[in-house]
Amino acid sequence: MAPRALDELPLFQSPPEGGPAVYEYFRRARAETPFVRDPNGMLVALRARMIETLVSDKTRQSETESTLAQGITEGPIFEFVADLVVCANGETHRRRRQPIARPFAFKLIEAMRPKAGAIAAELVQERLHAGPIDFVSEVAEQIPARIIADVLGIPRSDVSVFMQWLADAGEALGLIAEGRRPALEASLNAFNAYVDGLLLERRKRPRSDFLSDYVEATAASGELSEREIRAQIVGLILAGSDTTRNSICMILNALLHHPEQWRAFKADPDGLKRQVVEEGLRYEPVVTAIGRVVISDLELEGYLIPAGTPVILPIASMLRDPEVYADPETFNIYRTDHPRWSFAFGAGAHRCVGEALARVEMEETLTTIARLAPHTALVGEAPILLPGPIRSVSQMRLALA
Ligand code: HEM
């Protein structure tokens, strides 16, 4: 049978604005059709079994298209996007990914576990029995910030400064609000200068740390420009911050809303930490969607997708696909049907470089809270994830006790 044209697909309304309603939207859509066209004409692929094809060599990562579409054709924002590993394809992608991927491998990152545990313990102990706290900024955000500062050899006192640059760099990757460009560019320039300083320092006085190894590896291969060398460091800091912060919040939130599983976790934190994180990432993924562009005409699920079509892969839908997960709408840390590689970290050539580090940070934070603050309780409204490709936590107040 000849494949069907995309305009035969049902038109769906846009997914709801944040919160858990997004899962209900995907549940209904997935049951009806493999793809949805939303009102902006975007093609959204709903089922988990489609992910391998859609991240294969039949598609490519979008590069600077969205920046160019905003009329930004040069300057620090354009250069930043153009230089990032996540916005590159083929050989350029390989060159940029290789020097950062090796030091972030599982075995090497395991050595960070005691440090992550110690940072989490310090943050929790300082706030124990202190009444309601802003968990997002006081604890969850501090874990990835302090760890990446340690990995890169940045003094603790500089962490709060680079947090603002970080927020601005994240904003620069999205849809830039009118009038914000000059401020974002100034901030990126300051961030770049700071990272240049770190790189220069390691060139002059190498230490036995990640940044010195990175400087040495990139110099030895000679494959990256100075701008690319710097952009990967800024990109690493950026990619590992909000993602990990928000995941810590939402996994803890899911546990606190399932008291039996929270009790079981407190009784055996080390035994259950891996399962808790795996299920928490499935249940409330903070990276809701990734995007790709089809390279040549592609037949998938009975439809013909013409070359050049941009496709959205909603991870949030794939992680609740009943073809993969039994009873997918239920949070169940005991489930045994997780695929070997969680979709929460993407798939294919661009699969997350920082997965091992993120897991160590999340596991150590959650086990620390279970041990030191077993009577922890939410105060006020439960957090929800706000709209966006990387979803932010609305707020999260809790008492550590
Ligand atoms: C819970 C935390 C995290 C989640 C859910 C997450 C998720 C993801 C996803 C879904 C992708 C694929 C993007 C795509 O295909 O378009 C990705 C890529 C990436 N992640 Fe993460 N990430 C997390 C933490 C981290 C950390 C801690 C780091 C580093 C310190 C990091 C660094 C990166 C980098 C550099 C890429 C781009 C890889 C490439 O393009 O080859 N991530 N991440």
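Residues numbered from 1 in each chain as written. Predicted model: local features only at pLDDT ≥ 70, side-chain atom pairs only at ≥ 80, totals over all residues. Heavy atoms only, no water.

### Remarks on the packing of helix 11 (residues 181-204) against helix 12 (residues 210-221)
Part 1 of the reasoning: Between helix 11 and helix 12, whose axes approach to 9 Å, the crossing angle comes to 80 degrees. Relative to helix 12, helix 11 is oriented roughly perpendicular. Taking contact as the criterion, the partners of Leu198, Leu199, Arg202 and Arg203 in helix 11 are, on helix 12, Leu211, Ser212, Tyr214 and Val215.
Part 2 of the reasoning: Counted by class, the contact of helix 11 with helix 12 contains five nonpolar, one polar and two charged residues. (Axes fitted to C-alpha atoms, helices over the stretch in contact; angles between N-to-C directions. Helix = DSSP H or I, 4+ residues; strand = E, 2+ residues; numbered from the N terminus. Parallel < 35°, antiparallel > 145°, perpendicular 65-115°, else oblique. Contact = heavy atoms within 4.5 Å. Nonpolar A, V, L, I, M, F, W, Y, C, P; charged D, E, K, R; others polar.)

### Some remarks on the site of the ligand
Part 1 of the reasoning: The immediate surroundings of the ligand are formed by 26 residues, with His93, Arg97, Arg292, His350 and Cys352 found nearest.
Part 2 of the reasoning: His93 places a side-chain nitrogen or oxygen 2.7 Å from an oxygen atom of the ligand.
Part 3 of the reasoning: Here an oxygen atom of the ligand and a side-chain polar atom of Arg97 are 2.7 Å apart.
Part 4 of the reasoning: Elements that contribute at least two residues to the shell around the ligand include exactly helix 5 (90-101), helix 13 (226-239), helix 14 (242-256), strand 6 (289-294) and helix 18 (355-372). (Near = heavy atom within 4 Å. Polar contact = N/O pair within 3.5 Å; in protein donor to acceptor, adjacent residues only side chain to side chain.)

### Let's talk about the coordination of the iron atom of the ligand
Part 1 of the reasoning: Its sole protein donor being Cys352 (SG), the iron atom of the ligand sits 2.3 Å from that atom.
Part 2 of the reasoning: Looking at the element boundaries, Cys352 is found in the loop between helix 17 (315-318) and helix 18. (Donors = N, O, S within 2.8 Å, 3.2 Å for Na, K, Ca; no water.)

### What to know about the sheet that holds strand 4 (residues 59-60)
Part 1 of the reasoning: With mixed pairing, five strands are arranged side by side in an open sheet as 2-3-9-6-4. Either end of the sheet is taken by a strand with one partner, and the two such strands are strand 2 (35-37) and strand 4.
Part 2 of the reasoning: Of the pairings in the sheet, the one linking strand 2 to strand 3 (residues 43-45) comprises three bridges and is antiparallel in character. Looking at the pairing, Val36 lines up with Val44 of strand 3. (Pairing = 2+ DSSP bridges.)

### Some remarks on the sheet that holds strand 5 (residues 132-134)
Part 1 of the reasoning: One open sheet holds the three strands; their spatial order is 5-11-10, and the pairing between them is antiparallel. The open sheet has two edge strands with one neighbour each: strand 5 and strand 10 (377-378).
Part 2 of the reasoning: Relative to strand 11 (residues 397-399), strand 5 runs antiparallel, the two being bridged by three bridges. The residue bridging Pro132 from the neighbouring strand is Ala399, located in strand 11.

### Regarding the nonpolar core
Part 1 of the reasoning: Residues Phe35, Phe135, Leu152, Phe162, Phe210 and Leu252 are the most contacted members of the largest nonpolar core, which totals 116 residues.
Part 2 of the reasoning: Residues in contact with Phe35, not counting those within four places in the same chain, are Leu9, Leu43, Val44, Ala45, Leu46, Met50, Leu300, Glu301, Tyr303 and Ile305. (Core = buried A, V, L, I, M, F, W, Y, C linked by side-chain atoms within 4.5 Å. Buried < 20%, exposed > 50% of the residue type's maximum accessible area, 1.4 Å probe, protein only.)

### Considerations on helix 18
Part 1 of the reasoning: Compared with an ideal rise of 1.5 Å per residue, which puts 18 residues at 26 Å, helix 18 spans 26 Å between its outermost C-alpha atoms and is within 8% of the ideal.
Part 2 of the reasoning: Summarising burial for helix 18: 16 of the 18 residues are buried, a large majority. (Expected span 1.5 Å × (residues − 1).)

### A word on the pairing of strand 9 (residues 310-314)
Part 1 of the reasoning: Looking at chain direction, strand 3 and strand 9 are connected through two bridges and run parallel. Each residue of the ladder has a partner; that of Val44, found in strand 9, is Ile312.

### Digging into the pattern of salt bridges
Part 1 of the reasoning: If you walk through the whole model with that rule in mind, you get 39 salt bridges.
Part 2 of the reasoning: For the salt bridge of Arg47 with Glu301, the shortest nitrogen-to-oxygen distance reads 3.8 Å. Linking Arg47 in the loop between strand 3 and helix 2 (51-54) with Glu301 in the loop between strand 7 (298-300) and strand 8 (303-305), this pair joins segments that are 254 residues apart in sequence.
Part 3 of the reasoning: The partly exposed category is assigned to Glu301, whose relative accessible area is 27%.
Part 4 of the reasoning: For Arg359, the salt bridge identified is with Glu355, shortest N-O distance 3.0 Å. You can see Arg359 and its partner Glu355 sitting in helix 18, four residues apart, about one turn around the helix.
Part 5 of the reasoning: For Glu355, a relative accessible area of 5% translates into the label buried.
Part 6 of the reasoning: Within this structure, Glu110, Arg113, Asp270, Lys273, Glu363, Glu364 and Arg371 form a network of salt bridges that share partners. (Salt bridge = Lys/Arg side-chain N within 4 Å of Asp/Glu carboxyl O.)

### Things to note about the packing of aromatic side chains
Part 1 of the reasoning: Inspection of the entire model under this criterion finds eight aromatic pairs.
Part 2 of the reasoning: Pairwise contacts between aromatic rings join Phe104, Phe210 and Tyr214 into one cluster.
Part 3 of the reasoning: The cationic tip of Arg282 hangs over the ring face of Tyr325; the distance from NZ or CZ to the ring centre is 5.1 Å. (Phe/Tyr/Trp six-rings, centres within 6.5 Å; stacked < 30°, edge-to-face > 60°. Lys NZ or Arg CZ within 6 Å of the ring centre and 35° of its normal.)

### Overview of helix 13
Part 1 of the reasoning: The terminal C-alpha atoms of helix 13 lie 20 Å apart, and with 14 residues this matches the ideal 20 Å at 1.5 Å per residue to within 8%.
Part 2 of the reasoning: Helix 13 sits mainly inside the fold: 11 of its 14 residues count as buried.
Part 3 of the reasoning: When helix 13 is considered as a whole, its buried residues turn out to be Glu228, Ile229, Arg230, Ala231, Gln232, Ile233, Val234, Gly235, Leu236, Ile237 and Leu238.

### With respect to the environment of Glu301
Part 1 of the reasoning: Placed 251 residues apart in sequence, Glu301 and Met50 show a C-alpha to C-alpha distance of 8.3 Å.
Part 2 of the reasoning: Apart from residues lying up to four places away in sequence, Glu301 is in contact with Pro34, Phe35, Arg47, Arg49 and Met50.
Part 3 of the reasoning: Here the side chain of Glu301 touches Arg49 through a polar contact of 2.6 Å, side chain to side chain.

### With respect to unusual backbone geometry
Part 1 of the reasoning: For Glu301, which is not a glycine, the phi torsion comes out positive at approximately 55 degrees.
Part 2 of the reasoning: Phi at Asp327 is positive, roughly 45 degrees, even though this residue is not glycine.
Part 3 of the reasoning: Position of Asp327 relative to the elements: it lies in the loop between helix 17 and helix 18.

### Focus on the layout of surface pockets
Part 1 of the reasoning: Of the pockets and cavities examined, the second largest pocket occupies roughly 240 Å³.
Part 2 of the reasoning: For the lining of the second largest pocket, the secondary-structure elements that each account for two or more residues are helix 6 (106-110), helix 9 (142-152) and helix 12.
Part 3 of the reasoning: Taken together, the residues of the lining of the second largest pocket sort by class into eight nonpolar, no polar and four charged. (1 Å grid on protein atoms, 1.4 Å probe; cavity = no way out; pocket = protein on both sides within 12 Å on 5 of 7 lines; lining within 4 Å. Points joined across faces, edges and corners; volume = space filled by probe spheres on them.)

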